[in-house]
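Descriptive structure summary
Next come the chains, spelled out residue by residue.
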Amino acid sequence: MAVSSLPFSSPTLSTRLNLPLKPSCSSCSWPTIIATSKDSSLDQQTSGNCKRRSLLIGVGASSLLPTKLLLAQEKPANYDEFVDLQDGYSYYYPSDWREFDFRGHDSAFKDRYLQLQNVRLSFIPTDKTDIQDMGPIEKVVANLVKHVYSTPTQVPDVFDMQERTTDGKRYYTFEYTLTSPNFSRAAFATIAVGNGRYYTLIVGANERRWRRVRNQLKVVADSFKVLDI
């Protein structure tokens, strides 16, 4: 679960690119961060069919989409698009995934056979207007992975961080793993602020399958967009 304010009392982290960020003491379990990059050219276009929950039953999907979205570039093959105009966001997900209820989340889809291979999105209110208002990407990501996403028994690691701007909105996307004695999970997370909300999209899988599905799931993470409402 995400938080609207991100307290940060850990040792100062290096902001240089492509350098591991290490704990300042041997007893710390701060996540190792491998690389950071910024890209303002990753402008993912929204398109395709509008998938809505039961509150929109009876409303034609095409009537929900603004004309500019209907005419946008086609989505990648083998993906469908979830568009929530009421809550102001959209993202792609693999076409063979199925919608399911994930507690505390606004929407979620999962592989029909592998339930741990899934995407889910949640949001909470915030008085921020840009994700950068919460701090630089290194600081925000380290705090989230260490204090929000992981438990005391898990070892967190961050492998890459990317910052992009799409349609004037800024997004932080990062790859991370959470390793426990008996299980490891890898995921991408994309976070953004808009509409008075702090959005979090997480798409992940069992780490054993990560090499096989990483590129497929990165498409999901990069497709997330905040829509004006």
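This text gives an overview of the structure that appears in the document.

Cut-offs and rules
Residues numbered from 1 in each chain as written. Predicted model: local features only at pLDDT ≥ 70, side-chain atom pairs only at ≥ 80, totals over all residues. Heavy atoms only, no water. Helix = DSSP H or I, 4+ residues; strand = E, 2+ residues; numbered from the N terminus. Polar contact = N/O pair within 3.5 Å; in protein donor to acceptor, adjacent residues only side chain to side chain. Contact = heavy atoms within 4.5 Å. Salt bridge = Lys/Arg side-chain N within 4 Å of Asp/Glu carboxyl O. Buried < 20%, exposed > 50% of the residue type's maximum accessible area, 1.4 Å probe, protein only.

It is worth spelling out the side chain of Ser150 at this point. Inspection of the secondary structure assignment puts Ser150 in the loop between helix H3 (137–149) and strand S8 (155–166). Within the local environment of Ser150, its side chain forms a polar contact with the backbone oxygen of Val145, the two atoms lying 2.8 Å apart. A polar contact is formed between the side chain of Ser150 and the backbone oxygen of Lys146, at a distance of 2.8 Å. If sequence neighbours within four positions are ignored, Ser150 has contacts with Val145, Pro156 and Leu178.

The next subject is the pattern of salt bridges. Scanning the model with the defined rule gives seven salt bridges in all. Salt-bridge contacts for Asp87 lead to Arg197; the nearest nitrogen and oxygen are separated by 3.2 Å. Placement of Asp87 in the loop between strand S3 (79–84) and strand S4 (89–94) and of Arg197 in strand S11 (residues 197–206) is noted, with a sequence separation of 110 residues between them. Arg197 matches Asp87 in its accessibility class, with the two residues each being buried. Across the pair Asp222 and Lys218 runs a salt bridge whose closest N-O atoms are separated by 2.7 Å. Note that Asp222 and Lys218 are positioned in helix H4 (residues 210–223) at a spacing of four residues, about one turn of the helix. With respect to burial, Asp222 and Lys218 carry one shared label: buried. One salt-bridge network, held together by shared partners, links Asp130, Glu163 and Arg170.

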